[in-house]
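# What the coordinates show
Chain residues, written in single-letter form:
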Amino acid sequence: MAGVSSESLAAALAALEAKLPTASLQLAKELFGILGTVDSSAGLRRALTDPSRSGDEKSALVKQLFGGKVSADAVEIAAGLASSRWASARDIGDALETLAASVVIAVAENKSAVSASGLTGLEELENDLFSFNQAVESSHEVQRALSEPQASPAAKVSLADKLVPGASAEAKVLIGQAVTAPRGLKVTRLVRRFAELAAKRQQRWIATVDVTRPLTETQISRLQAGLNTLYGRELKINMNVDPALIGGIRIQVGDEVVDASVAGRLGQLQRQLAG
């Protein structure tokens, strides 16, 4: 996904953030359900991505089709996607899939207690998805069973549950979606994509700090407190010593980068001069 579709997805993900702290698996299932309806109708996909129709018209179509059948949040999210611009008819379905998976991942993230094995919700989810893929890739018989077009969705879900019997509720939702609606991909490829989304979400909890020389315990404590306050959550700090920075500090949390190093400032100056 690129160009206008990528911009529309980025805007939708940004808008979704406000709903994620209280999101539920039911919301994710509703979004996956809407995706199934959209995927089943080429005419509907064309109607929702027709550049000659206004965003309000397309949004109204979604509300007409799904209003009263799913939650108001699900309708709002889908209507927001419909009101955006898409480069191809498939892109809106890909975006719906990403948003639904993001809701599932956020539910795992929001787990206040760690699992019995000491893993956080996101780590547990990633491990469950990895374990499923390992089980599938190690058996040609399982691969054939999951790709068998005559097998019912219920049978595929049942088989998936047997492969990872101790999987979390969040993992089961994503795996169930992958085995019943891979949307042209190999099941393991889609599960890997879900795992990549979870790993990216996990990066929000990690601050990678590059410095020219090791910090003292006092400096680390101050940095930890400042970052926790800035981001509103308890971050894990990964410290790297990089003399190439010359001086200063570089911090990355998720996609955000704060570069206060001499090398960073020199690079910025060079780009300005080149411009």
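Structure: above.
Residues numbered from 1 in each chain as written. Predicted model: local features only at pLDDT ≥ 70, side-chain atom pairs only at ≥ 80, totals over all residues. Heavy atoms only, no water.

This brings us to the overall build of the protein chain. Looking only at helices and strands, one finds 13 helices and four strands in the protein chain. Seen through its C-alpha atoms, the protein chain measures out along the principal axes to roughly 60 × 50 × 35 Å. Going through the 275 residues of the protein chain one by one, you find that 42% of them count as buried. A separation of at least 24 residues holds for 67% of the contacts in the protein chain among residues at least 6 apart in sequence. Element-wise, carbon and sulfur atoms account for 53% of the exposed surface of the protein chain, whose accessible area totals about 14,600 Å². (Helix = DSSP H or I, 4+ residues; strand = E, 2+ residues; numbered from the N terminus. Buried < 20%, exposed > 50% of the residue type's maximum accessible area, 1.4 Å probe, protein only. Contact = heavy atoms within 4.5 Å. Areas by Shrake-Rupley, 256 points an atom, 1.4 Å probe, with all protein chains shown as cover.)

Let us now look at the environment of Leu129. Along the chain, Leu129 falls in helix α7 (residues 121–137). It is 7.4 Å that separates the C-alpha atoms of Leu129 and Arg192, two residues lying 63 residues apart in sequence. Beyond its immediate chain neighbours, meaning those up to four positions away, Leu129 contacts Ala171, Leu174, Ile175, Val191, Phe194 and Ala195.

All right, on to the environment of Asp242 then. With respect to the helices and strands, Asp242 occurs in the loop between β2 (236–241) and β3 (249–253). Asp242 sits in the partly exposed class, given a relative accessible area of 28%. Through-space distance from the C-alpha of Asp242 to that of Thr212 is 5.0 Å; in sequence the pair is 30 residues apart. Dropping the residues within four chain positions of it, Asp242 is found in contact with Val211 and Thr212.

Turning to the packing of α7 against helix α10 (residues 169–180), a few remarks are in order. Running from N to C, α7 and α10 point in directions that differ by 35°, and their axes come no closer than 9 Å. The way α7 lies across α10 gives a crossing that is right-handed. Contacts between α7 and α10 involve Leu125, Asp128, Leu129 and Phe132 from the former and Glu170, Ala171, Leu174, Ile175 and Val179 from the latter. (Axes fitted to C-alpha atoms, helices over the stretch in contact; angles between N-to-C directions. Left-handed = near helix turned anticlockwise from the far one by under 90°.)

This brings us to the side chain of Gln202. Relative to the assigned elements, Gln202 resides in helix α11 (residues 187–202). Note on Gln202: relative accessible area 17%, which makes it buried. For Gln202, the residues in contact, after removing those within four places along its chain, are Thr120, Leu122, Glu123 and Glu126.

Time to look at the sheet that holds β2. Judged by pairing direction, the sheet is mixed, and its four strands sit side by side in the order β2-β1-β3-β4 without closing on themselves. Strands with a single pairing partner mark the edges of an open sheet, and in this sheet they are β2 and β4 (256–259). Taking the axes of each pair of neighbouring strands and ignoring which way they run, one obtains an average angle of 15° across the sheet. One ladder, built from five bridges, connects strand β1 (residues 206–211) with β3; its direction is antiparallel. When the sheet's bridge partners are listed, Ala207 is paired in β3 with Val253. Against the sheet, helix α12 (residues 217–231) makes contact with β1, β2, β3 and β4, and its axis sits at roughly 130° relative to β2, the strand it touches most. (Pairing = 2+ DSSP bridges.)

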